[in-house]
Amino acid sequence: MGGYFSDIFYGSKSLLVGLGITFREFFKPVVTVQYPYQTLKMSAKFRGHIELIGDEEEKAKCVVCGMCERACPSGCITLGSVSIETEVDGKVKKKKVLSKYDLDFTKCSLCGQCVENCSFGAITFSKEYNLASARKEDFHFNLIERLERLTHSEEKNA
Ligand code: SF4
Ligand code: SF4
């Protein structure tokens, strides 16, 4: 008989404790982010795939030295360049210009070797976290196109 009443007592107590917690949480601010309608701002240390940084003329800062390509242990980066002639102080000089910066993100381990080895501050980690696909090709990025697209969308939003 004693066990019967103690079961009722402890059952009712745990029910009231549970309801108390529910009641308390009911009035707290909502912390759930309604993704994809709401998104979070990534922290400064977040590592998305790498991306090119533009200069003041909105062109890639990359000077095609090739250090990132050589430093990458997974062979994710493929660079291409073209040689153009520019006139400096009346003299015609040849200059290498970036024509291709492809990233195979399927192989990237986000080790950071490419970013650390770039002495020109031309690449960084993006804040991209919205990547999902069943197709490998969707993770092959043309970073020059991406820089142009982002620059234009920033101009539109300005
Ligand atoms: S983060 Fe590492 S693996 Fe990824 S592209 Fe850079 S060097 Fe290669
Ligand atoms: S290390 Fe920097 S400057 Fe050199 S090719 Fe890579 S991104 Fe361009």
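Structure: above.
Predicted, not measured: the structure shown is a model, and the values here were computed from it. (Residues numbered from 1 in each chain as written. Chains lettered and ligands numbered in written order. Predicted model: local features only at pLDDT ≥ 70, side-chain atom pairs only at ≥ 80, totals over all residues.)

## Some thoughts on the overall build of the protein chain
Part 1 of the reasoning: Each helix and strand in the protein chain was counted, giving four helices and five strands.
Part 2 of the reasoning: What you see in the protein chain, going N to C, is helices and strands ordered as α-β-α-β-β-α-β-β-α.
Part 3 of the reasoning: With the principal axes as the frame, the protein chain shows a C-alpha extent of 105 × 40 × 30 Å.
Part 4 of the reasoning: Counting the 158 residues in the protein chain, one finds 13% classified as buried.
Part 5 of the reasoning: Considering only residue pairs separated by 6 or more positions, the protein chain has 72% of its internal contacts joining residues 24 or more positions apart. (Helix = DSSP H or I, 4+ residues; strand = E, 2+ residues; numbered from the N terminus. Buried ≥ 20, exposed ≤ 12 C-beta atoms within 10 Å, placed from the backbone. Contact = placed C-beta atoms within 7 Å.)

## Looking at the nonpolar core
Part 1 of the reasoning: Counting residues in hydrophobic clusters, the biggest one holds 19 residues, and the most contacted among them are L52, C62, C114 and I123.
Part 2 of the reasoning: Contributions of two or more residues to this core are made by strand 1 (50–52), strand 3 (91–104) and helix 4 (143–157).
Part 3 of the reasoning: The element contributing the most residues to this core is strand 3, with three residues.
Part 4 of the reasoning: Residues within four places of L52 in sequence aside, it is in contact with A60, C62, Y101, A122, I123, L143, I144 and L147. (Core = buried A, V, L, I, M, F, W, Y, C linked by C-beta atoms within 7 Å.)

## A few points about the sheet that holds strand 2 (residues 77–88)
Part 1 of the reasoning: One open sheet accounts for three strands, arranged 2-3-5; its pairing is antiparallel. Two strands lie at the open edges of the sheet, namely strand 2 and strand 5 (140–142), each paired on one side alone. Neighbour-to-neighbour, the strand axes of the sheet open up by a mean angle of 25 degrees, direction not taken into account.
Part 2 of the reasoning: Relative to strand 3, strand 2 is paired through 12 bridges, and the arrangement is antiparallel. (Pairing = 2+ DSSP bridges. Axes fitted to C-alpha atoms, helices over the stretch in contact; angles between N-to-C directions.)

## Notes on the site of ligand 2
Part 1 of the reasoning: Near ligand 2, the surroundings consist of 13 residues, among which C62, C65, M67, C68 and C118 are the closest.
Part 2 of the reasoning: Grouping the constituent residues of the shell around ligand 2 by class yields 11 nonpolar, two polar and no charged. (Near = placed C-beta within 6 Å. Nonpolar A, V, L, I, M, F, W, Y, C, P; charged D, E, K, R; others polar.)

## Things to note about the pairing of strand 3
Part 1 of the reasoning: In sequence, strand 2 turns back onto strand 3 through a hairpin of two residues, with D89 there showing a positive phi of about 50 degrees.
Part 2 of the reasoning: In terms of strand pairing, strand 3 meets strand 5 through three bridges, oriented antiparallel. Pairing of L103 across the sheet is with F141, part of strand 5.

## Here we look at the environment of T86
Part 1 of the reasoning: For T86, the location among the structural elements is in strand 2.
Part 2 of the reasoning: Among the residues examined, T86 registers 10 C-beta atoms within 10 Å and is labelled exposed.
Part 3 of the reasoning: Taking the C-alpha atoms as reference points, T86 and F9, 77 residues apart in sequence, are found 89 Å from one another.
Part 4 of the reasoning: If we ignore the near neighbours within four places in the chain, the residues touching T86 are K93 and K95.

## Some words on the environment of K59
Part 1 of the reasoning: For K59, the position within the fold is in the loop between strand 1 and helix 2 (67–71).
Part 2 of the reasoning: Given 15 C-beta atoms within 10 Å, K59 falls into the partly exposed group.
Part 3 of the reasoning: The spatial distance from the C-alpha of K59 to the C-alpha of L98 is 9.5 Å, given a sequence separation of 39 residues.

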